[in-house]
Amino acid sequence: MLTRHVAGGTALSVLLATASLLGVAAEPAAADSAATLPITSYSDMVVDGAHRRVFISGAGNKVVVADYNGKTIAQITSEPGAAGLVLSADSSTVYVALPTADAISAIDTATLRETARYPLGVAPRHLAMTKHTIWFGYTANGTGNLGSLDLDPPTTPPTDPPPTDPPTPTPTDTEPTPEPTPTDADTPTDPPVTDPPVTDPPPTDSPTTAAPTADTARTASFAAATTHTSTTTTNGAAVTLEEGAHSWNGAPLLASASGKSGTPDVVAAGSGGELAVFDVSADGAVLRASGSMDTSVEQIALTPDGKQVLTSWDTGGYGYGLGAYSTTDLSHVGRYPIDAYPNAVAVAPNGTVAGGSFSWYEPDVHIYKPGATTPTREYDFPNTGNSSGADTLVDGALAWAPDLSRIFAVSENSYGTYSLRALTDPTKEMPTLTVSAPATATRAKALTVSGKLTSKSAVPVGTVLTVTRTDLESPTGKALASVRTTSGGGFSFKDTPPAGGSVKYTVRYAGDTAHIAATASRTVAVSRATPALTLNNNRKLYDYGKTVVFTAHLGSTYKNRTVEIWADPYGGDKPNKLLKSARVNSGGNLSVSVSMTRNTTVTAVYKGDSRTAPRTLKSTGLARVKVSSTLSRYYRTGKIGSTSYYYFHKRTDVIDTTTMTYYKGRKQRLEVQVYYRGKWYNSASEYFKLGTNGKSAVNLGHPGQSGIRARVRSAYVSGSSGDTLNTTTYGAWKYICFTN
């Protein structure tokens, strides 16, 4: 069994806040998912492959349970200070370090209920597990130490003599079993998945090696005696403190690997720049080697064979990356280069390495084959916050699904919101598929589509790509003949598009055991014949309220003979309205009637077909307003020549009352002219607001002398009268003669 562990908690964000991170964007991951987490800090994460659940601590006194899509399904409360997590080999139990309760609790992974609590007398921070023993890193009296909780201790006492004056741990009473607070259901709906068999990784030789020195490696014999200070029993389990005769400046990060085929069980522990490896195959922990690691390490991991320990930050002088050290003597045997700033490492059951980095503008998760120096896959988080940089990986927040289908990562945005991200197919490369085609083409003439399928590891020559053409005659897509790649991943094919318009060619690669699927497409604008389309009555002027017939005429087309006619009266209070949508008659005509109360734009729309292009034609009919005037206080009417006059006494005011089609805010323009020596001269003009009844009464006054002739008229002036709904309309002149 392989166990990974855990975040150290040192925040690099303060140090990096002013750093400028520049880089190239990674390829986007396909079918990944994410969901926000109900936590405000992070401690650890473990993945239960049997129940397809993810357990996350760091939310105070609870453990959050999520499904494989990242969605929270339950919260297990009453877990004081929940920190390190470890999963039993049979996936039946998650063990939780409870530093504020000086205990480790056991949670049933099926019921999500606490089933046991083991008092330790010290505050555990980080956990690891080999067979039936839980290893915990803790701090006591200012010193970091390694302890163990043997869940199946031997029935006979150990043969080693007890130490002199051992410290006595203070057990605590077992707290009541907490109840989970599920958010969906107590049990998930996802079917269980059986973990794949663990395969040994390739040889651990790496391109970069360094021989151990006295400064970096201090070895201890395999035959060294087991050393610890005290062993007590709690709830049927044996608690041993100060395992391995080694100490650190703080509670050490832990990682473990259960040996196979005679290889020993191994525990790695590191804190404060010091790393140690222990043989834990027999009773207790035997120090195998101790050495240095960078003080910025946030997570450590062991390879499945227990031969290498990886750190989330390499030692000085090697640059940004993950460090790889031999568990025999802790000599530096390799590295996995990563852009700034590395902050997480996790190793899959098959030896695949995942590295994380705190990166606003560069990829966040990097996947390596064992011993490789370039990643096969990278993931770049999106920006869900309000800063210029994207979400970042939380320190030490990487964990593999046992079936290798996903790697889980916890990210944080600028708002302090945490999310669980399920990154799919991490062991597969993401190939790049490109498609090229001409921007335009002629219908019924052959065109060539080409492209390329590339990846970090070459896709085999002859790889089959499927092709689909989507057009007006095949709106859901029509499968074309498949195409195969040539040397270098290139491909090309010819096609003769039967339909015009937007023709989309979609090429799909199904993927294989080493590559995920890929899809790319290109759209070609294919020509269509332009039909004849006419619409009458453009710019013709009509009296208010007249019914006018508009007729659209459509010439020859391929299939579609339907025309739409729309009417859009001037003014924002009247919507554009579809008057008719129908097939044209045998003469190609379609007519509608429009009542001309306003200027109206009539539009004929032909939407085209697979061989005939769409067309739209507009015709604007112009409408007058109704306008009339009446004079009052005249004493008689009569004619001067052929013109009818209204006669007024020279001291009688003339009252003009105008009636006009009403619209809110509309004004009528009143114009007065005077006759002098055979000609009419402008005397005055002014705008007067209409009442809601459409009337406007104006007192024109009197001249006070006889013999004066005048005329007056009202007008609607488009734009100047307060709106532009109608065409400028003048009323008839009213002629006036003043007498004694």
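Residues numbered from 1 in each chain as written. Predicted model: local features only at pLDDT ≥ 70, side-chain atom pairs only at ≥ 80, totals over all residues. Heavy atoms only, no water.

1. Description of the overall build of the chain
1) Next: If you tally the helices and strands in the chain, you get 1 helix and 58 strands.
2) Next: The buried share of the chain, taken over its 740 residues, is 50%.
3) Next: Contacts in the chain between residues far apart in sequence, at least 24 positions, make up 59% of those at least 6 positions apart. (Helix = DSSP H or I, 4+ residues; strand = E, 2+ residues; numbered from the N terminus. Buried < 20%, exposed > 50% of the residue type's maximum accessible area, 1.4 Å probe, protein only. Contact = heavy atoms within 4.5 Å.)

2. Observations concerning the pattern of salt bridges
1) Next: Using the criterion set out here, one finds 13 salt bridges in the structure.
2) Next: Asp391 serves as the salt-bridge partner of Arg421, at 3.1 Å between the closest nitrogen and oxygen. With Arg421 in strand β32 (residues 418-424) and Asp391 in the loop between β29 (377-379) and β30 (392-400), the pair connects residues that are 30 residues apart, well separated along the chain.
3) Next: For Asp391, a relative accessible area of 2% corresponds to the buried category.
4) Next: We note a salt bridge from Asp495 to Arg469, for which the minimum N-O separation is 3.0 Å. One end of the pair, Asp495, is in strand β38 (residues 490-495); the other, Arg469, is in strand β36 (residues 464-470), and 26 residues separate them in sequence. Comparing Asp495 with Arg469, the two get one shared label, buried.
5) Next: What you see here is one network of salt bridges that share partners, running through Glu79, Glu114 and Arg117. (Salt bridge = Lys/Arg side-chain N within 4 Å of Asp/Glu carboxyl O.)

3. Brief notes about the pairing of strand β11 (residues 123-130)
Successive residues of a regular strand alternate their side chains across the two faces of the sheet.
1) Next: Within β11, 6 of the 8 residues are buried, leaving the element largely enclosed by the surrounding structure.
2) Next: Examined bridge by bridge, β11 and strand β12 (residues 133-140) share 7 bridges and lie antiparallel to one another. The residue of β12 that forms the bridge with Leu127 is Phe136.
3) Next: Remark: 2 residues form the turn of the hairpin made by β11 and β12, two consecutive strands paired antiparallel; Lys131 in that turn has positive phi of roughly 50°. (Pairing = 2+ DSSP bridges.)

4. With respect to the packing of aromatic side chains
1) Next: Throughout the structure, instances matching the rule amount to 17 aromatic pairs.
2) Next: A connected cluster of aromatic rings, assembled from ring pairs, spans Tyr634, Tyr646, Phe648 and Phe738.
3) Next: The ring of Trp733 has Arg711 lying over it, and the distance from NZ or CZ to the ring centre is 4.1 Å. (Phe/Tyr/Trp six-rings, centres within 6.5 Å; stacked < 30°, edge-to-face > 60°. Lys NZ or Arg CZ within 6 Å of the ring centre and 35° of its normal.)

5. Topic: the sheet that holds strand β31 (residues 406-412)
1) Next: Taken together, the 4 strands give an open sheet; going across it, the order is β2-β32-β31-β30, and neighbouring strands pair in antiparallel fashion. In the strand order of this sheet, the two ends are held by β2 (33-36) and β30, each with one partner. Each neighbouring strand pair of the sheet contributes to a mean axis angle of 20°, computed without reference to strand direction.
2) Next: Relative to β32, β2 runs antiparallel, the two sharing 4 bridges. Looking at β32, one finds that Ser33 is bridged to Ala422. (Axes fitted to C-alpha atoms, helices over the stretch in contact; angles between N-to-C directions.)

6. Topic: the pairing of strand β40 (residues 518-526)
1) Next: Note: strand β34 (residues 440-441) against β40, 2 bridges, orientation parallel. Within β40, the position partnered with Thr440 by the bridge is Ala525.
2) Next: For strand β39 (residues 501-509) and β40, the ladder comprises 9 bridges, and the chain directions are antiparallel. Across the sheet, the residue bridging to Tyr509 is Ala518, located in β40.

7. Description of the nonpolar core
1) Next: Membership of the largest hydrophobic core comes to 35 residues, with the highest contact counts inside it found for Met45, Ile56, Leu398, Phe408, Val410 and Leu420.
2) Next: Those elements giving two or more residues to this core turn out to be β3 (44-48), β4 (53-57), β5 (63-67), β26 (342-347), β28 (365-368), β30, β31 and β32.
3) Next: For this core, the element with the most residues is β30, which contributes 6 residues.
4) Next: In this view, Leu420 contacts Ser33, Ala34, Ala35, Leu37, Met45, Val54, Ile56, Ala66, Gly70, Phe408, Ala409 and Val410; residues no more than four positions away in its chain are not counted.
5) Next: Counting residues in hydrophobic clusters, the runner-up holds 20 residues, among them Leu447, Val467, Ala518 and Val524. (Core = buried A, V, L, I, M, F, W, Y, C linked by side-chain atoms within 4.5 Å.)

8. What about the environment of Val712?
1) Next: Summarising the element assignment, Val712 is placed in strand β56 (residues 709-716).
2) Next: Expressed as a C-alpha distance, the spacing of Val712 and Glu671, which sit 41 residues apart in the sequence, is 5.6 Å.
3) Next: Not counting residues within four places of it along the chain, the set of residues in contact with Val712 comprises Leu631, Asp656, Leu670, Glu671, Val672, Leu700, Ala732, Trp733, Lys734 and Ile736.

9. Some points on the environment of Ser683
1) Next: With respect to the element layout, Ser683 can be found in strand β54 (residues 679-689).
2) Next: For Ser683, a relative accessible area of 48% puts it in the partly exposed group.
3) Next: When the C-alpha positions of Ser683 and Val712 are compared, they lie 9.9 Å apart, and in sequence the two are 29 residues distant.
4) Next: Those residues in contact with Ser683, other than ones at most four positions away along the chain, are Val672, Gln673 and Val674.

10. Observations concerning unusual backbone geometry
1) Next: Look at the link from Ala340 to Tyr341: it is a cis peptide, with omega at 0°.
2) Next: With respect to the helices and strands, the residue Tyr341 is situated in the loop between β25 (332-337) and β26.
3) Next: In this structure, Ser91 is a non-glycine residue whose phi angle is positive, near 60°.
4) Next: Along the chain, Ser91 falls in the loop between β7 (85-87) and β8 (93-98).

11. Brief notes about the environment of Gly722
1) Next: Examined against the element boundaries, Gly722 turns out to sit in the loop between β56 and β57 (729-730).
2) Next: Its relative accessible area of 45% is what places Gly722 among the partly exposed residues.
3) Next: In this structure Gly722 touches Gly665 and Lys667, once residues within four positions along its chain are discounted.

12. What to know about the side chain of Arg666
1) Next: Structurally, Arg666 can be placed in the loop between β52 (654-660) and β53 (667-676).
2) Next: Residue class for Arg666 comes out buried when judged on its relative accessible area of 1%.

13. Here's the deal with the sheet that holds strand β27 (residues 353-357)
1) Next: In spatial order, the strands read β26-β27-β28-β29; together these 4 strands make up an open sheet with antiparallel pairing. Taken across any chain shown, the strands that pair with only one partner, and hence form the sheet edges, are β26 and β29. On average, each strand axis in the sheet is tilted by 20° relative to the strand beside it, whichever way the strands run.

14. Some details on the confidence of the model for the chain
1) Next: Per-residue pLDDT for the chain has a mean of 87; in total, 84% of the residues score no lower than 70.
2) Next: Contacts for the low-pLDDT stretch residues 1-30, under 50 throughout, to residues beyond four places or in other chains number 94 contacts.
3) Next: For the stretch residues 157-227, pLDDT sits under 50, and the model shows 138 contacts to residues farther than four places along the chain or on other chains. (pLDDT = per-residue confidence, 0-100.)

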